[in-house]
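Chain by chain, the residues run as shown.
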Amino acid sequence: MTGRRRWVPYLGIAVIVAYCLAPFYWMLVSSLRRANDIFDSAPVPTPLSLESYRAVFGSSNGFVRSLGNSFLVAGITTVLVLLIGTLTAYALARLDFRFKNVVLAVIITTSMFPGISLLVPLLQLFSGIGWINTYQAMIVPSMSFALPLAVWNLTAFFKQMPLELEEAAQIDGCTPAQAFRKVILPLAAPGVFTTAIITFIAAWNEFIIALSVVNKQELKTAPVIISQFTGLTQFDSPFGTQMAAGVVVTIPLVVLVLLFQRRIVAGLTAGGVK
Amino acid sequence: MAILIDAPAGPEPARPAPGLRRTGVGKLAALLVSPTLLVLALVVAYPIVSALRLAFYRRDDTPDPVTGLLRPGDHFVGIDNFTDMFAGESSTRFLNALWNTTTFTVTAVSLEVVIGVLMALVMHKAFRGRALVRASILVPWAVPTAIAGLLWRWIFQADGVANDLIPGPPILWTTDGAQAWFAVVVADSWKTAPFIGLLVLAGLQVISTEVYEAARLDGASAWRTFFSITLPLVKPTLLVAVLFRILDTLRMFDLPYTLIGPGKNATDTVTVLAFEEAVKFGKYGPASAYAVFLFAYVAVVAFVFVRLLGADVLGTKARRGR
């Protein structure tokens, strides 16, 4: 390679980084402007102002409560899905049994179903049994996409672990169940953790279920509340507060992503494509 | 591979009473797998079957001729919900939504594949700054789609930054019409092209450098190398990624809903329509019919990809080769 062309990859890198971060940067910048300069298009906000953040946290729009709701729904979904999914993934990765490929195919197929074809009948069911405006009405349907995702990721992870681990454990007198509990599970902790992050992000970002099954202000999740923020007048969209709230909702995820990027990328690419 | 070849030649007595071990393993496997299948039966299989049934029912809005009261509950209407989708007064909205769903999918996924592959090629070539790229590429993926919709709604405001950057009179992006459709495509490409790039990069990294060296020794041009080596070798990864992206875009809801809003001709997708029918109007019958149609649409696309194009969704082919 000649010196002339060595900068080309760096230019490419710069373009990619700009492509990915510019809109996000704009959200950050807009959230730091005063309400009066919100339509300003300078790349750096002058003066810096936390007005929008005060509006988000201060007023009675229920944003803080909705953050708690999001944590609760995404957290419980993640824990449930990991409890069930880890066992299944281990069986799919390690045990040799009949219908294994059928089970695997069923699980991956369910993740392809369009959410709306599950949501409409569940909505009718939930109105029938009084589940509208409950947490379980958000958690249970969320498992329809979170569980296949977790099983798929964990299966790929368990398959990467050396088979000798169980063999050694069995030689030492462990049953398959003991081998799983005492040897595999502790060593699989990083994979389970990565899957937990990916599942949590997917559940945290869920929108249509939470939008459909809940209409009580106190139970709405953060994305739903933010999308329904109202301005002072009917035609005034509160972009400043929306951007500030968007930053607040996204920052935890971005921090997770920065801390565990290597693992997340490994998890996403090994676990198929979801 | 070595294990597969060696296994039959191995000494038979090494596995005493294989049947016994198998039954034990079978029971354990059933125990471990059944919770997942049970949950999926409850939250996926039951709703699907239920939607199939609901699609043949409709809430009756006409009063009972005898009592003059509104008749409670849903009534069986045969295939009326389905025929109404293609003929009759509500068919225009549905066919329009179907058209939007399809054009969104074809355009956005094509665009994302091109951008994603370009990104992967750049990242593959770069030796420095990989951590930075990887971190920034995960940012659009991590932003909740509904929030991404609001962010792009802000960017595409009449007096927003998009119109500041584009010369000429301001465009009313978020109202309706072709520009609204385009705004959704842009937002979707931003959100998911990096993700395709990530997957393709993983595919690129397993291609051995020897193949490229051989091509270079044979004097192949960069274009030739890309089309004759890189693309065919990365095709299995790409095919699965494209399939999942297509299925994801066919059920698109969050972006059109938060970026443009429901009830817009240019951006209403089948999911938006079904959501409106079910949540806003409580018409579960027609909503289910839309949902069932979308389900069938998705199934056909998945079938074409897996059977005709050979998308290896389960990863069995790749693993056997490893």
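A quick note: this is a predicted structure, and the numbers were derived from the prediction, not measured. (Residues numbered from 1 in each chain as written. Chains lettered and ligands numbered in written order. Predicted model: local features only at pLDDT ≥ 70, side-chain atom pairs only at ≥ 80, totals over all residues.)

1. Focus: the overall build of chain A
Across its full length, chain A carries 13 helices and zero strands. Listing every helix and strand of chain A by position from the N terminus yields α-α-α-α-α-α-α-α-α-α-α-α-α. Its C-alpha atoms put chain A at 70 × 70 × 30 Å along the principal axes. Evaluated residue by residue, chain A yields a buried proportion of 49% over its 274 residues. At a minimum sequence separation of 6, the contacts of chain A that also span at least 24 residues come to 76%. (Helix = DSSP H or I, 4+ residues; strand = E, 2+ residues; numbered from the N terminus. Buried ≥ 20, exposed ≤ 12 C-beta atoms within 10 Å, placed from the backbone. Contact = placed C-beta atoms within 7 Å.)

2. Points about the overall build of chain B
Helix and strand counts for chain B come out as 14 helices and two strands. Going through the 322 residues of chain B one by one, you find that 40% of them count as buried.

3. Details of the interface of chain A and chain B
Contacts between chain A and chain B engage 78 residues on the former and 75 residues on the latter. Counted by class, the side of chain A that touches chain B contains 55 nonpolar, 20 polar and three charged residues. (Nonpolar A, V, L, I, M, F, W, Y, C, P; charged D, E, K, R; others polar.)

4. A short note on unusual backbone geometry
All names here are of chain A. Put simply, Thr46 and Pro47 share a cis peptide bond, and its omega is -10°. For Phe99, which is not a glycine, the phi torsion comes out positive at approximately 65°. Relative to the elements of secondary structure, Phe99 occurs in the loop between helix H3 (63–94) and helix H4 (100–110). Phi is positive for Asn133, which is not a glycine, with a value near 65°. For Asn133, the position within the fold is in the loop between helix H5 (115–129) and helix H6 (136–160).

5. A look at the nonpolar core
Core analysis: the largest hydrophobic core is formed by 169 residues, its most contacted members being Val120 of chain A together with Ala274, Tyr290 and Ala291 of chain B. Ranked by residue count, the leading element in this core is H6 of chain A, at 16 residues. Other than its neighbours up to four places away in sequence, Tyr290 of chain B contacts Phe94, Val270, Leu273, Ala274 and Glu277 of chain B. (Core = buried A, V, L, I, M, F, W, Y, C linked by C-beta atoms within 7 Å.)

6. Topic: helix H2 (residues 51–58) of chain A
All names here are of chain A. Buried residues of H2: Glu51, Ser52 and Val56, and no others. For H2, the angular spread of the buried residues around the axis is 135°, confining them to a single face. The outward face of H2, more than 90 degrees from its buried face, is lined by the exposed residues Arg54 and Gly58. Against the buried residues of H2 lie helix H1 (7–31), H3 and helix H12 (239–259). (Arc of directions from axis to C-beta.)

7. Observations regarding the environment of Phe207 of chain A
With respect to the element layout, Phe207 of chain A can be found in the loop between helix H9 (189–204) and helix H10 (208–213). Along the primary structure Phe207 of chain A and Thr221 of chain A are separated by 14 residues, whereas in three dimensions their C-alpha atoms are 8.4 Å apart. Apart from residues no more than four positions distant in its own chain, Phe207 of chain A is found in contact with Pro223 and Val224 of chain A together with Thr145, Ala146 and Asp254 of chain B.

8. Section: the packing of H3 of chain A against H9 of chain A
Two packed helices can be described by the angle between their axes and the distance between those axes. Residue and element names in this part refer to chain A. Contact pair H3 / H9: the axes reach a minimum separation of 9 Å and the direction vectors enclose 140°. It follows that H3 is oblique to H9 by the angle criterion. The interaxial crossing formed by H3 with H9 has right-handed handedness. Of the residues in H9, those touching H3 at Ser70, Val73, Ala74, Thr77, Thr78, Val81, Leu82 and Thr86 are Val192, Thr195, Ala196, Thr199, Phe200, Ala203 and Trp204. The residue inventory of the contact of H3 with H9, partitioned by class, reads nine nonpolar, six polar and no charged. (Axes fitted to C-alpha atoms, helices over the stretch in contact; angles between N-to-C directions. Parallel < 35°, antiparallel > 145°, perpendicular 65-115°, else oblique. Left-handed = near helix turned anticlockwise from the far one by under 90°.)

9. Some details on H12 of chain A
An ideal rise of 1.5 Å per residue puts 30 Å on 21 residues; H12 of chain A measures up with 29 Å between its terminal C-alpha atoms. The sharpest bend along H12 of chain A comes to roughly 35°, located at Thr250 of chain A, with the proline Pro252 of chain A sitting one to four residues further on. (Expected span 1.5 Å × (residues − 1). Bend = angle between axes of the 7 residues up to and from the residue.)

10. Points about the confidence of the model for chain B
A low pLDDT means the predicted coordinates there should not be read in detail. Residue and element names in this part refer to chain B. When pLDDT is averaged along chain B, the result is 85, and 87% of the positions lie at 70 or above. Under a pLDDT of 50 for its full length, residues 1–21 has, in the predicted model, zero contacts with residues more than four places off or in other chains. Confidence over residues 318–322 falls short of pLDDT 50; this stretch has two contacts with residues more than four positions distant or in other chains. In the predicted complex, the global pTM is 0.88; the interface-specific ipTM is 0.90. (pLDDT = per-residue confidence, 0-100.)

11. Digging into the packing of H6 of chain A against H9 of chain A
All names here are of chain A. Their axes nearest at 10 Å, the elements H6 and H9 cross at an angle of 155°. Relative to H9, the element H6 is oriented roughly antiparallel. The two elements H6 and H9 cross, and the hand of that crossing is right-handed. Seen from H6, the contacting residues are Ser142, Phe145, Ala146, Leu149, Ala150, Asn153, Leu154 and Phe157; seen from H9, they are Gly191, Val192, Thr195, Ile198, Thr199, Ala202 and Ala203. Tallied by class, the residues present in the contact of H6 with H9 amount to 10 nonpolar, five polar and no charged.

12. Details of the confidence of the model for chain A
The predicted model of chain A averages 87 in pLDDT, with 93% of residues at 70 or higher. Summarising per-element confidence for chain A, the mean pLDDT is lowest in helix H13 (residues 261–270) of chain A (80) and highest in H10 of chain A (95).

13. With respect to the environment of Thr155 of chain A
Residues and elements named next belong to chain A. Residue placement: Thr155 occurs in helix H6. In this structure the C-alpha to C-alpha distance between Thr155 and Thr86, which are 69 residues apart in sequence, comes to 8.2 Å. What Thr155 contacts, discounting residues up to four positions off in sequence, is Ala89, Leu92 and Ala93.

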